[in-house]
Amino acid sequence: MRSRPQKTMSSLVERYESKFTIPEYLIEPISHFVSVYCLLDQYSKQSKDGFYRVNNLYFDSPNYLLLRKRLDRSENRFNLRVRSYGDNPELPCFFEVKQRKSNIVRKYRAPIYDEDWGKLFECPGYEPVQDENDKMASNKILFLKMAYSYNATPKVLTQYKRKAYVSDVDDYARVTFDTELRYQPEQEYTIVPDEDRMVPLDNSTLFDQECGAILELKCYATRVPLWMIDLIRYFRLRRRSFSKYLTGVSEVPGLYAAPGLVGRVPLYSPLR
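Residues numbered from 1 in each chain as written. Predicted model: local features only at pLDDT ≥ 70, side-chain atom pairs only at ≥ 80, totals over all residues. Heavy atoms only, no water.

Structural notes on the packing of helix 1 (residues 27–34) against helix 7 (residues 226–234)
Here comes step 1: In contact at an axis separation of 11 Å, helix 1 and helix 7 are set at 150° when each is read in the N-to-C sense. Classified by the angle between their axes, helix 1 and helix 7 sit roughly antiparallel to one another. As for the relative orientation of helix 1 and helix 7, their crossing is right-handed in sense. Residues Ile-30, Phe-33 and Val-34 of helix 1 lie in contact with helix 7, whose contacting residues are Trp-227, Asp-230, Leu-231 and Tyr-234. (Axes fitted to C-alpha atoms, helices over the stretch in contact; angles between N-to-C directions. Helix = DSSP H or I, 4+ residues; strand = E, 2+ residues; numbered from the N terminus. Parallel < 35°, antiparallel > 145°, perpendicular 65-115°, else oblique. Left-handed = near helix turned anticlockwise from the far one by under 90°. Contact = heavy atoms within 4.5 Å.)

Here it is in structure tokens:
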């Protein structure tokens, strides 16, 4: 697969997010609704059906502190992940710190161009390949600092198909549809899914009846577009919380023996 440049983003995005589980047949009419205000994002434009693969390699501490913070509904929590795109992803991949405080999400993101990026965690003093225009170096440093501080290592690799729209009438607003969620337990520093190990998530236990897709509405925290409010009302959407990390990590071997998690993580995590 050819490497595709990622849509330019600010080094820090502070936004409001709302998630909804919807029937897949609503993807098309909702897409039609938002097309008045939005255009397909860069990846969706290059896909025949508008969907593309997103892969997230999630990190956590040895005792799953980040997972426990979510289960405890901690007021201030965060995820550490490495994101890549496509079935056979190529560089760059992206270090991401996603912090949630109340209803506000901050995402710190930095591109990585070194195919041996895992050595940053395994080989102290390793000097990675640098991009000449690395304007997000501080975000990369933040990711590494947090990973070192919590002794965080890979735990699970999740994948899903995404169709995404970007507003062309607002400073920042996105609409995404995610389907076909899959996962694999992963301890290596890899962004490439293994088809022999990928397991589909069970929609019948994860979603409301007849709902097999996740709709996300994202915008700046200081301003929610009126058309998003109209969208929610018109399609009678019910806001739900859904964590792809929590859902995928529930099948990681040894998870139930981790301190503080015994009896707390079901076979398939319910919507939260």
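Following the structure, the description resumes.
Section: unusual backbone geometry
Here comes step 1: Residue Pro-92 is bonded to the preceding Leu-91 through a cis peptide linkage, with omega at 5°.
Here comes step 2: In this model, Arg-236 sits at a positive phi of 55°, which is unusual for a non-glycine residue.
Here comes step 3: Within the secondary structure, Arg-236 is located in the loop between helix 7 and helix 8 (244–249).

A closer look at the confidence of the model for the chain
Here comes step 1: Averaged over every residue, the pLDDT of the chain is 85; the share at 70 or more is 83%.
Here comes step 2: Within the model, pLDDT remains below 50 along residues 1–10, and this stretch shows 26 contacts once partners closer than five positions in the same chain are excluded.
Here comes step 3: Considering only residues more than four positions removed or in separate chains, one finds that residues 267–272, a stretch of pLDDT under 50, has 27 contacts. (pLDDT = per-residue confidence, 0-100.)

Structural notes on the side chain of Arg-182
Here comes step 1: With respect to the secondary-structure elements, Arg-182 resides in strand 8 (residues 173–185).
Here comes step 2: For Arg-182, a relative accessible area of 16% gives the class buried.
Here comes step 3: Only 2.9 Å separates the side chain of Arg-182 from the side chain of Glu-195, close enough to count as a polar contact.
Here comes step 4: When residues no more than four places from it in sequence are discounted, the contact partners of Arg-182 are Leu-157, Thr-158, Gln-159, Glu-195, Met-198, Val-199, Pro-200 and Leu-201. (Buried < 20%, exposed > 50% of the residue type's maximum accessible area, 1.4 Å probe, protein only. Polar contact = N/O pair within 3.5 Å; in protein donor to acceptor, adjacent residues only side chain to side chain.)

What about the pairing of strand 4 (residues 76–85)?
Side chains on a regular strand alternate between the two faces of the sheet.
Here comes step 1: Along strand 4, 8 of the 10 residues are buried, which leaves the element largely enclosed by surrounding structure.
Here comes step 2: Where strand 3 (residues 52–60) lies against strand 4, 6 bridges are found, and the strand directions are antiparallel. Paired with Val-54 across the strands is Tyr-85, a residue of strand 4. (Pairing = 2+ DSSP bridges.)

Some points on the packing of aromatic side chains
Here comes step 1: In this structure the tally under the stated criterion is 23 aromatic pairs.
Here comes step 2: What links up through ring pairs into an aromatic cluster is the set Phe-59, Phe-95, Trp-117, Phe-121, Phe-143, Tyr-148 and Tyr-189.
Here comes step 3: Taking NZ or CZ as reference, Lys-155 lies 5.6 Å from the ring centre of Tyr-64, over its face. (Phe/Tyr/Trp six-rings, centres within 6.5 Å; stacked < 30°, edge-to-face > 60°. Lys NZ or Arg CZ within 6 Å of the ring centre and 35° of its normal.)

Overview of the nonpolar core
Here comes step 1: In terms of nonpolar packing, the biggest core is built from 23 residues, with Phe-59, Leu-80, Val-82, Phe-95, Trp-117, Phe-121 and Phe-143 touching the most fellow members.
Here comes step 2: Mapped onto this core, the elements with two or more residues apiece are strand 3, strand 4, strand 5 (93–101), strand 6 (104–112), helix 4 (119–122) and helix 5 (137–149).
Here comes step 3: For this core, the element with the highest residue contribution is helix 5, accounting for 4 residues.
Here comes step 4: Beyond its immediate stretch of four places on either side in the chain, Phe-95 contacts Arg-81, Val-82, Tyr-108, Arg-109, Ala-110, Ile-112, Trp-117, Leu-120, Phe-121, Lys-140, Phe-143 and Leu-144. (Core = buried A, V, L, I, M, F, W, Y, C linked by side-chain atoms within 4.5 Å.)

Remarks on the environment of Arg-223
Here comes step 1: Note on placement: Arg-223 falls in the loop between strand 10 (213–220) and helix 7.
Here comes step 2: For the pair Arg-223 and Arg-15, spaced 208 residues apart in sequence, the C-alpha to C-alpha distance is 9.2 Å.

Observations regarding the pattern of salt bridges
Here comes step 1: Counted according to the given criterion, the structure contains 19 salt bridges.
Here comes step 2: Between Lys-161 and Glu-180 there is a salt bridge; the shortest N-O distance is 4.0 Å. Of this pair, Lys-161 sits in strand 7 (residues 153–167) while Glu-180 is found in strand 8, placing the two residues 19 residues apart along the sequence.
Here comes step 3: Here Arg-182 ties to Glu-195 by a salt bridge, and the two come within 2.9 Å at their closest N and O atoms. Taken together, the positions of Arg-182 in strand 8 and Glu-195 in the loop between strand 8 and strand 9 (199–200) put the pair 13 residues apart, joining distant regions of the chain. (Salt bridge = Lys/Arg side-chain N within 4 Å of Asp/Glu carboxyl O.)

With respect to the pairing of strand 10
Here comes step 1: Most of strand 10 is tucked away, with 7 of its 8 residues classed as buried.
Here comes step 2: As judged from the 6 bridges shared by strand 8 and strand 10, these two strands associate in the antiparallel manner. Looking at strand 10, one finds that Ala-173 is bridged to Cys-219.

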